[in-house]
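# Summary of the model geometry
Listed below, chain by chain, are the residues.
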Amino acid sequence: MAAGSESPGSAGGEDKLPSRRQSEANKKLKYISLAVLVIQNASLILSIRYVRTLPGDRFFATSAVVMAEVLKVITCLIILLFEKKGNIRDFVALLYDSIVVQYRDTLKLAVPSLIYTLQNNLQYVAISNLPAATFQVTYQLKILTTALFSVLMLRKSLSRVQWVSLLLLFAGVAIVQVQQDSSKQKEAITSSTNQNYAKGLVAVVVSCLSSGFAGVYFEKILKGSSASVWLRNVQLGIFGTVLGLLGMWWNDGAAIAEKGFTFGYTSMVWGVIFNQAFGGLLVAVVVKYADNILKGFATSFSIIVSTVMSIYLFGFHVDLMFTLGAGLVIGAVYMYSLPKAAVPPTSSSSSLSSSSHSSRANGGDSETDAFLPKSPEKEKGS
């Protein structure tokens, strides 16, 4: 009897050990994901700002957008080939069926692709004319536009906390813009290079609007399809490359024909392009180990990192008004990312489990970044 009672206990102890190790591994992956998100968010903004304000020959932003799209498509194709275990025949059949045979489904992605291409170009314009910290704070308006489009297009419901967070977000951005209108800041902004604050502000606002609409539209497509997120990014990238080439020809065609596609490219510029191309795909992979709270915290922390680095790299001036506005934005981002409260159980404990799972799946995950594709989990959840 004693021996029989020992056996289940020892087996239970063996079962608990792997689960503990798995739990510890997941915790580590969460914090690694957090670090990756912070570094990617902050480094992209700071590096674009740095390369666009350096003296000397400027690279063409339109060519950088095209190059990033090409690298993104190549990366997604490699991932799809890896998923097919290197079978070229299955790989080609998948692409032919998904892109050519189902051409109507492919054409649906022309709209978000056009908007993403426009948005990527607008971000270069905005960051070239705004301090990195100001851009980072103002760009969080994409959460507001995404939420509004989600309510209108997807009939999503927002909790009271999320509505309050959106009001705080708008107030915080407004305070930052009032602070930036001071003569001291405007002199500092315009004295270094030929920068236009109003042009940068319009660019970031239009970018936020396009980010909100394209993100929700893309989410709607993902929910109505069984295609993988990597295949969707190939389709997006194909349209993005074509549309980017058209925009490049329209805006910089003559200059690029004279100076070359990679004119002004330095190692730092290549770093920006790789960050823009792979950053979103990298986040799509690692974000499945982090929840919405950590994603919100990462965004908030990246604003702090961008502000601190801007002080040292670009001589950015931080006063009480900017601190107050940025603080409201950081708090709003964190509040918006909090999961919705679970619905009280009605008949059994299983209903509580399903409702809490639904809350985690739907709580604030609709805030899509221009650079960031949807997480594979997003599609599974749909």
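Residues numbered from 1 in each chain as written. Predicted model: local features only at pLDDT ≥ 70, side-chain atom pairs only at ≥ 80, totals over all residues. Heavy atoms only, no water.

Where an unreviewed UniProt entry is consulted, the protein chain appears under the name Solute carrier family 35 member 2, with the organism given as Astyanax mexicanus. The annotation that UniProt attaches to the protein chain under Subcellular location (unreviewed entry) is "Golgi apparatus membrane". (UniProt positions renumbered as here; feature names shortened; annotations may be inferred.)

With that settled, the discussion passes to the packing of aromatic side chains. Scanning the entire structure with this criterion turns up eleven aromatic pairs. With centroids separated by 6.3 Å and ring planes inclined at 85°, the aromatic side chains of F59 and Y265 adopt a geometry described as edge-to-face. A residue pair is termed long-range when its members are at least 10 positions apart, and F59 in the loop between α1 (2–53) and α2 (61–83) and Y265 in the loop between α11 (229–259) and α12 (267–286) qualify at 206 residues. Grouping residues by exposure puts F59 and Y265 together as buried. Taking the centre distance of 5.3 Å and the plane angle of 55° together, the rings of F274 and F278 count as tilted. Residue F274 and its partner F278 are both found in helix α12; the two are separated by four residues, about one turn of the helix. (Phe/Tyr/Trp six-rings, centres within 6.5 Å; stacked < 30°, edge-to-face > 60°. Helix = DSSP H or I, 4+ residues; strand = E, 2+ residues; numbered from the N terminus. Buried < 20%, exposed > 50% of the residue type's maximum accessible area, 1.4 Å probe, protein only.)

Further remarks concern the nonpolar core. If you look at the biggest cluster of nonpolar residues, it comprises 49 residues, and the most contacted ones within it are Y124, F135, L166 and I273. Of the residues forming this core, the biggest block, seven residues, is contributed by helix α14 (residues 320–337). With sequence-adjacent residues up to four places away left out, L166 is seen in contact with I143, L144, A147, L158 and Y336. In terms of nonpolar packing, the next biggest core, distinct from the first, is built from ten residues, C76, L80, W230 and L231 among them. (Core = buried A, V, L, I, M, F, W, Y, C linked by side-chain atoms within 4.5 Å. Contact = heavy atoms within 4.5 Å.)

A few words on the UniProt feature "transmembrane region" (unreviewed entry) in the protein chain. In this numbering, the UniProt entry assigns the feature "transmembrane region" (unreviewed entry) to residues 29–48, 60–82, 163–180, 200–218, 230–250, 262–287, 294–314 and 320–338. Each end of residues 60–82 is marked by a C-alpha atom, and these two atoms are 33 Å apart; helix forms 96% of the span and strand 0%. Its end C-alpha atoms 30 Å apart, residues 230–250 is made of 100% helix and 0% strand.

For α2, built from 23 residues, the straight-helix expectation of 33 Å at 1.5 Å per residue is met to within 8% by its first-to-last C-alpha distance of 33 Å. Note on α2: the residue one or two positions beyond its end, K85, has a positive phi of about 60°. (Expected span 1.5 Å × (residues − 1).)

What follows is about a nonpolar patch on the surface. On the surface, F301, I304, V308, I311, Y312 and V318 cluster together into a nonpolar patch covering about 540 Å² of accessible area. Within the element layout of this structure, I311 appears in helix α13 (residues 292–314). (Patch = residues over 30% accessible without salt bridge, like charges linked within 9 Å, V, L, I, M, F, W, Y side chains within 5 Å. Areas by Shrake-Rupley, 256 points an atom, 1.4 Å probe, with all protein chains shown as cover. Salt bridge = Lys/Arg side-chain N within 4 Å of Asp/Glu carboxyl O.)

Our next topic: the environment of S43. Tracing the chain through its elements places S43 in helix α1. Along the backbone, S43 and S306 are 263 residues apart, and their C-alpha atoms lie at a distance of 7.9 Å. One polar contact links the side chain of S43 to the main-chain carbonyl oxygen of I39, over a distance of 2.5 Å. (Polar contact = N/O pair within 3.5 Å; in protein donor to acceptor, adjacent residues only side chain to side chain.)

Once that is clear, we can look at the packing of α2 against helix α3 (residues 88–101). One can describe the packing of α2 onto α3 by two numbers: an axis separation of 9 Å at closest approach and a directional angle of 125°. Taken together, α2 and α3 sit at an angle that is classed as oblique. Where α2 crosses over α3, the two elements pack in a sense that is right-handed. Residues L77, L80 and L81 of α2 form the contact with α3, whose participating residues are I88, F91, L94 and L95. Considering only residue class, the contact of α2 with α3 consists of seven nonpolar, no polar and no charged. (Axes fitted to C-alpha atoms, helices over the stretch in contact; angles between N-to-C directions. Parallel < 35°, antiparallel > 145°, perpendicular 65-115°, else oblique. Left-handed = near helix turned anticlockwise from the far one by under 90°. Nonpolar A, V, L, I, M, F, W, Y, C, P; charged D, E, K, R; others polar.)

Turning our eyes to something else, we now look at unusual backbone geometry. Look at K85: it is not a glycine, yet its phi comes out positive at around 60°. When you line up the elements, K85 lands in the loop between α2 and α3. Even without glycine at this site, R155 takes up a positive phi of about 55°. Mapped onto the elements of the fold, R155 is located in the loop between α7 (141–153) and α8 (160–180). Accessibility expressed as a relative area gives 67% for R155, which makes it exposed.

As for its placement among the helices and strands, S306 is situated in helix α13. A relative accessible area of 0% places S306 in the buried class.

Running from amino to carboxyl end, α7 crosses helix α10 (residues 197–223) at an angle of 45°, the nearest separation of the two axes being 8 Å. Between α7 and α10, the angle is such that the two are oblique. For the pair α7 and α10, the crossing hand works out as right-handed. Across the interface between the two elements, L141, K142, T145, T146, F149, S150 and M153 of α7 pack against C208, L209, S211, G212, F213, V216, Y217 and K220 of α10.

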